[in-house]
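What the coordinates show
Spelled out, the chains give:
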Amino acid sequence: MASRRPSRNAGGPTQGFGSPLTLAIALDFTPAVTRRPAPLTVSRIPRMTLDEFKSAAESLRADGPAQIAAAATLEAWTDARNHLVGRTSGRLSELMTALGTLPKDDRREAGQLANAVKQELEALLDARHAELMRQQQRGPAIDRTMPGRAAWRGSVHPVSLVIDEVVEIFRELGFTIALGPEAEHAWYNFGALNFPADHPAMDLHDTLYLDDLVLRTHTSPVQVRTLQQYPPPIRILAPGNVYRADPFDASHAPMFSQVEGLVVDEGITFADLKATLTRFANRFFGETKTRFRPSFFPFTEPSAEMDVRCGVCKGTGCPVCKNSGWVEILGSGMVHPAVLENAGIDSERYTGWAFGMGPARTALARHGIPDIRILYDSDVRFLEQFAR
Amino acid sequence: MNLSHEWLKAFVPHALSAEQVRDLLTAHVATVEGFERLRADLAPFVVARVIETEKVPDTKLSFNKVDDGSGTLLDVVCGAPNVTAGAVYPFARSGTLMPAGFKIEKKKIRGFTSNGMLCSAAELGLGEDQAGILELTTDAPPGTPLLDVLPLGDVRLVLDVLPNRPDLLSHLGVARELSALTGVPLRGDDAAHAAPAVPVVREAQQASSGGATVRLEDPAGCPQYCGAVIRGITVAPSPSWLRERVEAAGVRSINNVVDVTNAILHGLGQPMHAFDLATLAEQTVVIRRARASEKMKTLDGVERALTPEMTMIADAAKSVAVAGVMGGENSEVTDATRDLFLEVAYFDPKRTRQTRRALGLSTDASYRFERGIDPAGLEYAMRAAIGMILAVAGGRLDGSVMAVGTAPAPRPAVTLRPSRVRAVLGASVSGAQCERYLASVGFAVARKGDAERVENEGGDAALVVTPPSWRHDVTREVDLIEEVARLHGYDKLPDTIEAYRPTTVPDHPLFAASRRVRDALVGAGLAEVRPMPFVKGDDATHWRVTNPLAEDEPHLRVSLLESLARRAEYNLSRMHGDVRLFEVGSAFGGREQGAGRGAGAGGLIEEVRVGILIMGARSPRHFADGAPPMIDAWDAKELAERAASAAFPGAAIALDAAEDPALWSILADGRSVGVVTRVTLDAPVWASAAFGIEITLGAMPLAYVSQPGTSAHAGERPAIAPPASAVRYRPLPTTPAAAFDLALLVPDGLNAAEVERVLRTSGGDMLESLELFDEFRGAGVPDGMRSIAWRLTFRHPERTLRDKEIDGRRSQLLKSLENQLGVKPRTA
Ligand SMILES: [Zn+2]
């Protein structure tokens with residue numbers, strides 16, 4: 001299939017704008033002073049033989065680079081330049097003066113040598129000058145091992161990090177975010193979700209009460225509220241806090257977070273449930289295998305727990321997975337028709353699936369946090385470990 | 001539910017390993033969450049071969065060279081007469097702990113070092129045979145673990161039975177499933193000793209037999225009751241097969257009678273009770289409600305206060321058991337018991353549940369009655385119990401089984417459409433397959449319409465399915481679909497991802513707002529926290545949790561700052577004074593407006609808020625700067641503006657002075673949305689001042705969306721919200737600005753905003769910005785005054801301002817300030 005956007009070098013000039021080469025030349029300025037040829041002066045005219053001349057030139061060629069390199073400041077550089085190639089008293093100008101005293105036949109050879117030395121030294125001087133100018137612009141040398149100026153770094157709570165990731169993955173699959181109250185009517189928390197009144201199914205939900213309200217024991221009430229408010233097709237994710245009358249210990253908390261998911265439309269099947277949740281698992285945990293087991297929730301039928309391959313032992317069995325090779329990730333199932341009916345939805349026309357998972361457990365496992373209470377303590381030293 | 005692998009095999013003689021059973025049950029029935037080899041103590045034993053053997057004269061001993069697979073032949077002394085060179089035996093290396101509790105040590109016997117022990121069956125706890133060591137028939141090489149060679153000992157499988165499947169709370173119930181999954185037919189429990197055919201008298205209210213009488217006075221609490229009299233038994237320890245069964249189920253063995261009742265409970269799922277008949281006044285059993293203020297001591301020795309809501313088993317004079325929960329001490333079977341009254345009953349689930357909760361007493365029996373036992377299984381369980389007791393405790397059945405009450409009505413049939421199975425599962429399972437699956441677990445299946453048409457339609461005609469008596473959970477078509485799905489196997493169902501239609505539900509605005517605020521605050525260097533919302537609180541202002549977990553924090557917070565303050569104190573107590581925390585969470589208000597306690601929590605107002613608490617250094621210390629200043633009110637003010645802008649994008653945010661201890665109230669488009677306040681903490685002296693900010697992002701309405709059973713949308717898609725208004729571009733200035741500073745002497749009592757108002761109104765159109773950059777009291781500033789300095793920047797949109805114009809504007813401003821506020825410039 002052809003890309004709609006034209007490719008960058010498909011037709012048209014390859015160089016649309018001014019050549020960068022021109023620009024580089026224009027910016028290339030070397031100190032003008034070294035470009036001017038030094039005029040001869042006739043203060044003192046030593047007489048030399050060609051050999052003596054050559055020897056003096058080679059000596060200059062040998063000493064010059066070290067003197068130039070040793071110039072640590074612009075002042076020192078100026079001194080070095082004057083000493084080496086200075087127009088009046090430099091060693092090169094002395095040579096040039098001497099050049100005229102050589103026999104004519106020797107002058108050509110000597111002149112070429114002097115010129116070569118001059119060019120070499122001037123090139124070195126130019127480079128050193130540029131380097132010193134750069135140093136001057138940078139200011140005095142700093143100790144680069146010293147620390148930068150820090151600002152406080154904020155952090156997102158590890159449970160929120162898990163929720164964020166779950167949300168992002170389900171967004172790719174077309175889900176939006178729904179929310180509901182934490183203090184909830186018992187009908188939304190239980191009755192609408194097909195919990196039989198006074199039934200052992202309620203024992204799985206040790207409930208905290210607020211007079212005639214409950215602190216929701218799961219995020220599933222958001223399913224019913226959403227179904228009452230919006231018509232299918234529905235694809236929502238409902239993160240939120242839920243409450244259980246569980247004593248606060250290393251592995252239980254009376255309030256924790258949950259993420260609920262709900263899909264309702266015509267033609268939604270258990271195959272969609274398996275496919276979507278398996279895709280989620282692969283995005284969340286990396287390439288993995290999933291397993292679905294029969295389970296029971298009053299508000300789904302059929303109900304299933306989803307496991308993923310234990311990431312610690314890769315399925316061979318270890319203490320983390322209680323030797324089963326699998327780790328339980330979420331509960332799920334096809335939305336019970338009674339739930340749809342309780343929300344005024346035609347349960348014959350529409351089907352759906354739902355799931356719920358606990359991000360805190362994932363956060364504990366992912367970060368190796370040994371005690372769930374650490375998530376609630378809000379110890380700054382803990383939170384800083386998640387600074388960004 | 002603890003399952004014995006061996007016991008299950010007694011019901012379904014399958015050939016699967018315990019591991020295979022575990023995997024089958026987990027995949028199709030319920031999760032096996034525990035797997036325990038009951039003879040794990042035999043794990044260290046290995047198979048060993050005797051290479052040479054030499055009798056020690058005048059003793060029973062032999063010196064042996066033994067190959068235990070380690071590569072070196074071991075010297076082993078053995079006292080058994082049957083040691084044979086070339087044979088293999090169970091071997092305990094030195095260091096092995098024997099089942100009897102002692103350790104095998106390397107020791108010298110008659111100058112001969114023994115490095116282990118060849119074991120007999122008795123030494124391994126495998127039987128009574130002490131004639132000699134246990135010769136093994138195996139090809140396994142020496143060194144092989146003994147458990148790999150001998151299928152020794154039982155395996156306990158712990159099944160996680162969920163509330164919808166009480167039928168799985170017995171070996172019989174699980175065996176039914178295994179039978180369906182393996183195709184091996186279910187047979188009667190052999191341990192029930194082929195439950196004898198016993199005569200039964202059936203009556204609605206009262207029956208007598210064997211000298212005893214049963215009278216049912218509470219048919220609502222006990223729809224069916226069976227009793228039987230057995231005389232002349234001997235109470236004794238159970239035989240080993242019975243003891244092993246109940247112990248495999250995790251129950252302590254008591255005596256032969258009690259163990260039989262437990263074997264019936266765990267084997268058939270029918271709780272039962274045995275009374276000492278001699279303790280029952282007039283040998284009469286009455287099923288009735290407890291009398292007002294009646295008391296009874298249960299078998300656990302606790303005196304129980306009873307209420308008339310509870311169903312009791314009584315004799316002619318007194319209560320002898322709490323029906324379905326626990327027997328009474330007064331009628332307990334003891335070693336002296338000779339005559340028994342056996343009870344097998346169906347107690348009402350709700351009644352049992354209420355009684356159990358009222359007494360706070362949960363038992364294996366109440367657990368099953370509460371969830372519902374098989375109401376059609378009573379007489380079979382009674383026959384099995386009688387058969388077992390006669391076998392293990394002797395005695396004889398006196399008279400007939402007395403069955404009082406009404407037999408259960410058959411369960412209503414449920415229609416299953418194969419087309420619906422496909423619609424829900426997304427898989428093609430034919431009507432014939434559905435029928436096979438359902439029949440395999442005891443459902444009676446008939447086809448609707450004539451059989452010929454059914455064939456022609458590819459078996460797609462609806463099925464009329466009657467659930468078995470033990471399946472209380474199947475009342476709708478979808479329940480049958482679940483049966484089909486699990487028996488077919490979830491893993492065999494397809495999982496292809498399908499196209500979907502976009503949802504009608506917009507993102508909840510509070511979710512988006514929380515994300516924006518969170519991002520802003522994390523960017524500002526704050527840490528997000530997720531603390532508990534429970535606080536000490538006060539009944540007058542806070543909602544109290546009816547059943548709080550901690551009495552010192554029984555209320556829900558009205559403000560997030562309550563939680564954050566406690567979290568700050570937690571950090572201060574750990575010597576950490578740089579605390580910058582925020583939370584997005586719920587606050588629960590409306591208590592003060594609500595009526596008194598007990599009037600309901602309908603007035604509760606839940607709001608999603610962001611709470612912020614900051615204290616400590618403004619920035620980390622840097623060597624180039626010296627110690628950073630502490631966070632002060634101005635940091636809090638800026639942070640509040642930043643958070644409010646993130647919460648209400650596009651709104652005009654203003655901070656108005658507020659009453660102490662609050663500093664400012666936060667306004668968004670003129671509406672009060674929050675507060676900036678000083679926070680008082682229980683803090684050590686070195687702690688710096690703490691500031692709190694709380695902004696309400698929005699309410700989370702509690703009201704019903706619409707009445708139960710209805711929706712508020714009538715199938716209509718909601719209108720799509722208009723896009724948020726975008727930032728408007730302002731042309732960038734093309735002319736230079738002119739600026740000057742103004743230092744003014746402002747009398748106390750006049751606030752800067754008042755001065756700024758005059759500066760703005762008098763500054764004219766060309767006043768581009770106004771920046772307050774200095775406040776000073778002291779030398780050169782009279783008492784009762786402060787010097788405040790502003791930089792004013794002016795710009796003409798089209799041309800450069802002339803110096804004269806600027807000077808004129810300056811004089812104009814000073815005149816206005818003097819006239820309107822009496823404020824003069826500070827002269828250097
Ligand atoms: Zn593992």
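Residues numbered from 1 in each chain as written. Chains lettered and ligands numbered in written order. Predicted model: local features only at pLDDT ≥ 70, side-chain atom pairs only at ≥ 80, totals over all residues. Heavy atoms only, no water.

For the rest of this paragraph, the subject is the overall build of chain B. In terms of helices and strands, chain B carries 18 helices and 39 strands. At 42 Å, chain B has a C-alpha radius of gyration far larger than the 28 Å of a compact globule built from 828 residues. With the C-alpha coordinates of chain B rotated into their principal frame, the extents come out at 130 × 80 × 70 Å. With 828 residues in all, chain B has 50% of them scored as buried. Long-range pairs, those at least 24 residues apart, make up 68% of the contacts in chain B with a sequence separation of at least 6. Accessible area of chain B: about 38,000 Å², with a carbon and sulfur share of 51%. Charged side chains of chain B number 91 positive and 105 negative; the gap between the two group centres comes to 2 Å. (Helix = DSSP H or I, 4+ residues; strand = E, 2+ residues; numbered from the N terminus. Rg over C-alpha atoms; globule rule 2.2 N^0.38 Å. Buried < 20%, exposed > 50% of the residue type's maximum accessible area, 1.4 Å probe, protein only. Contact = heavy atoms within 4.5 Å. Areas by Shrake-Rupley, 256 points an atom, 1.4 Å probe, with all protein chains shown as cover. Lys, Arg positive; Asp, Glu negative; His and termini not counted. Charge placed at Lys NZ, Arg CZ, Asp CG, Glu CD.)

Next up on the list: the nonpolar core. Burial of nonpolar side chains together is a common tendency in soluble globular proteins. Residues and elements named next belong to chain B. With 132 residues, the main nonpolar core has Leu 416, Ile 612 and Ile 695 as its most contacted residues. Looking at this core element by element, the count peaks at eight residues for helix α16 (residues 633–647). Setting aside its immediate chain neighbours within four residues, Leu 416 contacts Val 421, Cys 434, Leu 438, Ala 462, Leu 463, Val 465, Glu 477, Leu 480, Ile 481 and Val 484. Ala 30, Ala 212, Ala 365 and Ile 373 belong to the second largest nonpolar core, which has 83 residues in total. (Core = buried A, V, L, I, M, F, W, Y, C linked by side-chain atoms within 4.5 Å.)

This part takes up the coordination of the zinc ion. Residue and element names in this part refer to chain A. At this site the zinc ion is bound by Cys 310 (SG), Cys 313 (SG), Cys 318 (SG) and Cys 321 (SG), with donor distances of 2.3 Å. Written as a sequence motif, the donor arrangement for the zinc ion is C-x2-C-x4-C-x2-C. With respect to burial, Cys 313 and Cys 321 carry one shared label: buried. (Donors = N, O, S within 2.8 Å, 3.2 Å for Na, K, Ca; no water.)

This part is about the sheet that holds strand β4 (residues 62–67) of chain B. Residues and elements named next belong to chain B. Sheet architecture is open: five strands sit in the order β5-β4-β3-β6-β9, paired in antiparallel fashion. Strand pairing shows two members of the sheet lacking a second neighbour, β5 (73–78) and β9 (116–118), which therefore form its edges. Strand-to-strand twist in this sheet, taken as the mean axis angle between neighbours without regard to direction, amounts to 45°. Looking at chain direction, β4 and β5 are connected through six bridges and run antiparallel. (Pairing = 2+ DSSP bridges. Axes fitted to C-alpha atoms, helices over the stretch in contact; angles between N-to-C directions.)

Another aspect to go through is the packing of aromatic side chains. Per the counting criterion, the structure on display carries 22 aromatic pairs over all chains. Judged by centre distance (5.1 Å) and plane angle (75°), the rings of Phe190(A) and Phe195(A) are edge-to-face. Grouping residues by exposure puts Phe190(A) and Phe195(A) together as buried. Aromatic side chains Phe270(A) and Tyr490(B) sit 5.0 Å apart centroid to centroid with 55° between the ring planes, which places their arrangement in the tilted category. Placement of Phe270(A) in helix α9 (residues 270–285) and of Tyr490(B) in the loop between α13 (477–488) and α14 (509–523) is noted, with the two residues assigned to different chains. (Phe/Tyr/Trp six-rings, centres within 6.5 Å; stacked < 30°, edge-to-face > 60°.)

The next point concerns the domain arrangement of chain B. When its domains are assigned, chain B resolves into domain 1 (2–38 + 155–188), domain 2 (40–149), domain 3 (192–405), domain 4 (414–490), domain 5 (509–595 + 602–699) and domain 6 (738–825). Spacing between the C-alpha centres of domain 3 of chain B and domain 4 of chain B amounts to 38 Å. (Domains from an automatic or database assignment.)

All names here are of chain B. Here strand β26 (residues 463–466) shows a buried face lined by Leu 463 and Val 465 and an unburied face lined by Val 464 and Thr 466. Here strand β24 (residues 414–416) runs beside β26; their pairing, made up of three bridges, is antiparallel. Opposite Val 414, over in β26, you have Val 465 as the bridge partner. Two strands pair when backbone bridges link them, and strand β25 (residues 444–447) and β26 are joined in this way by four bridges, in the antiparallel orientation. Within β26, the position partnered with Ala 446 by the bridge is Val 464.

Before going further, it helps to spend a moment on a nonpolar patch on the surface. On the surface, Met575(B), Val685(B) and Trp686(B) cluster together into a nonpolar patch covering about 400 Å² of accessible area. For Trp686(B), a relative accessible area of 40% gives the class partly exposed. (Patch = residues over 30% accessible without salt bridge, like charges linked within 9 Å, V, L, I, M, F, W, Y side chains within 5 Å. Salt bridge = Lys/Arg side-chain N within 4 Å of Asp/Glu carboxyl O.)

Residues and elements named next belong to chain B. Interhelical geometry of helix α2 (residues 18–28) versus helix α4 (residues 171–182) gives an angle of 95° and a closest axis separation of 11 Å. Viewed along their axes, α2 and α4 adopt a mutual orientation that is roughly perpendicular. Residues Val 21, Leu 24, Leu 25 and His 28 of α2 lie in contact with α4, whose contacting residues are Val 174, Leu 178, Leu 181 and Thr 182. The class makeup of the residues in the contact of α2 with α4 is six nonpolar, two polar and no charged. (Parallel < 35°, antiparallel > 145°, perpendicular 65-115°, else oblique. Nonpolar A, V, L, I, M, F, W, Y, C, P; charged D, E, K, R; others polar.)

Moving on, we get to the environment of Thr261(B). Residues and elements named next belong to chain B. Mapped onto the elements, Thr 261 comes out in helix α6 (residues 256–268). For the pair Thr 261 and Met 388, spaced 127 residues apart in sequence, the C-alpha to C-alpha distance is 9.4 Å. Once residues lying within four places of it in the same chain are set aside, the contact partners of Thr 261 are Met 272, His 273 and Ala 274.

Residues apart from glycine generally show negative phi values, whereas peptide bonds are mostly found in trans. All names here are of chain A. Cis rather than trans, the peptide bond between Pro 232 and Pro 233 has omega equal to 0°. Turning to its location among the elements, Pro 233 is positioned in the loop between α8 (221–229) and β5 (234–243). With an omega of -10°, the peptide bond running from Glu 301 to Pro 302 counts as cis. Locating Pro 302 in the fold gives a position in strand β8 (residues 300–309). We note that Asn 194 has phi near 70°; this positive angle belongs to a residue other than glycine. Structurally, Asn 194 can be placed in the loop between α7 (186–189) and β3 (209–210).

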